[in-house]
Every structure is written in C-alpha cells, then in structure tokens.
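Geometric and topological summary
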Amino acid sequence: MNNKKLISEIRGLGKLHNVKVIFFNEDRDCAGHIDTGSDKYIYIWKKYLYSRHSIVSTFFHELGHIHCIRTNRWRAYHLNYKDMKNEITIEEFYKKNLYTGLKAERWVDKWAKNMVNKYDRNIKYIDGYKSEVNINWFRNTTTNTIKKLLNNLKK
Ligand SMILES: [Zn+2]
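Residues numbered from 1 in each chain as written. Predicted model: local features only at pLDDT ≥ 70, side-chain atom pairs only at ≥ 80, totals over all residues.

Here we take up the nonpolar core. The tendency in soluble globular proteins is for nonpolar side chains to be buried as a group. Among the nonpolar cores identified, the biggest contains 28 residues, and Ile42, Phe59 and Leu63 are the most heavily contacted of them. For this core, the secondary structure elements donating two or more residues are β3 (41-45), α2 (52-70), α3 (75-78) and α4 (90-119). Here this core gets eight residues from one element, more than from any other, and that element is α2. (Core = buried A, V, L, I, M, F, W, Y, C linked by C-beta atoms within 7 Å. Buried ≥ 20, exposed ≤ 12 C-beta atoms within 10 Å, placed from the backbone. Helix = DSSP H or I, 4+ residues; strand = E, 2+ residues; numbered from the N terminus.)

Pairing is mixed across the open sheet formed by three strands, whose spatial order is β1-β3-β2. Two strands in the sheet have a free side with no partner beyond their single neighbour: β1 (20-24) and β2 (32-34). Each adjacent strand pair in this sheet contributes to an overall mean axis angle of 25°, direction not counted. In the sheet, β2 pairs with β3 via three bridges, with the strands oriented antiparallel. When the bridges of β3 are listed, Ile34 appears paired with Ile42. Set on the sheet, helix α1 (residues 3-16) makes contact with β1 and β3; between it and β1 the angle comes to about 145°. (Pairing = 2+ DSSP bridges. Axes fitted to C-alpha atoms, helices over the stretch in contact; angles between N-to-C directions. Contact = placed C-beta atoms within 7 Å.)

Let us now look at the packing of α2 against α4. At a minimum axis distance of 8 Å, the contact between α2 and α4 shows a crossing angle of 120°. One finds that α2 runs oblique with respect to α4. For the pair α2 and α4, the crossing hand works out as right-handed. Facing Val56, Ser57, Phe60, His61, Leu63, Gly64, His65, His67 and Cys68 of α2, the residues of α4 in contact are Ala104, Val108, Asp109, Trp111, Ala112, Met115 and Val116. Residues that form the contact of α2 with α4 fall into these classes: ten nonpolar, five polar and one charged. (Parallel < 35°, antiparallel > 145°, perpendicular 65-115°, else oblique. Left-handed = near helix turned anticlockwise from the far one by under 90°. Nonpolar A, V, L, I, M, F, W, Y, C, P; charged D, E, K, R; others polar.)

Moving on: the environment of Asn136. Secondary-structure assignment places Asn136 in helix α5 (residues 132-154). Judged by C-beta crowding, with 11 C-beta atoms within 10 Å, Asn136 ranks as exposed. With 53 residues separating them in the primary sequence, Asn136 and Asp83 have C-alpha atoms 29 Å apart.

Our focus in this paragraph is the packing of α4 against α5. Packed helices, taken two at a time, are described by the angle their axes make and the gap between the axes. In contact at an axis separation of 9 Å, α4 and α5 are set at 170° when each is read in the N-to-C sense. Relative to α5, the element α4 lies roughly antiparallel. The segment α4 lies against α5, with Ile90, Glu91, Tyr94, Lys95, Asn97, Leu98, Gly101, Leu102 and Glu105 engaging Phe138, Thr142, Thr143, Ile146, Lys147, Leu149, Leu150 and Leu153. Here the residues of the contact of α4 with α5 sort into nine nonpolar, four polar and four charged.

Moving on, we come to unusual backbone geometry. Even without a glycine there, the phi angle at Asn72 is positive, about 60°. Of note, Asn72 is situated in the loop between α2 and α3. When the 9 C-beta atoms within 10 Å are taken as the criterion, Asn72 is described as exposed. For Trp74, which is not a glycine, the phi torsion comes out positive at approximately 45°.

The structure is reproduced here in structure tokens:
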C-alpha cells in the first residue's frame, strides 16, 4: 500500500472518530501526539507511514488519549492544570501526572490494541510502552520534565 492510500485511510478513520489527523515531517521525538486538554487533533510523524501496522497502531494509540479526554480518564496526565485548578494544587497535579503517566500510557495501549483488533484482525498492534527502550525514553522525557517542574515549585 502506498503512502497516499495510507494517509487517506488514516484521515478517514479520524473523521469517523471526530478528530482531525495532521501528518508532520520533522522529528518531534515521538511517533504521534495530541494537544494537552484537546480532543480535536492527532499529530502523526510521517516516518511511521513505513507500514500499515505502524501507522494504524500510532493512530489508535493517539485516539486512546483522545478517548481519555472525552471520558475523563487519567485527567492529570491529559489535561492542563488550569482545567483542574479548582480541584487540586499545582503540586498535587504534577505528582499525579508523575505517578499515573506510565500507567495511563499502558492503559491507552490496551485500549488501542483492542480497537485495532476490532478494526482489522490482520493488523498487529505495536505496543508503545512495552520495550525497555520506550520506557526509558518516557522516563528521560516526560518523567524528567515533570520532576523539574515539581522541583521548581519548591524554589
Ligand atoms: Zn501515548
């Protein structure tokens, strides 16, 4: 399958789930992402168009995050503090984010795998957070960023 067909397949899936898919070229150090606190866009790195398995997996993984926003799951990990400022302090917000981040990612993987199976049994879902490389990446990026933010509060 060529890239054009894959792109239109993924855009169609986006439409079906009420989200706009934007493909980007430059390296953002992740296969895909969404905007914190927004269920409108999914961004996917074009590099992942190398196979249908990888691009469909990436789409459904990001859709899992959108699903979390729409169903109020793992809120500290998916929302901005301003959305939760009436409920918890900024310190509690960062701590919650820190302790639930990887759990949320694994929950999203499980959800996405199930969705991929329903969508097309021939596609093998590629887990985002099973390999040590990916887990370390998460610790070195997301976890470290939150830790720094937490430390800055104490200064
Ligand atoms: Zn994720």
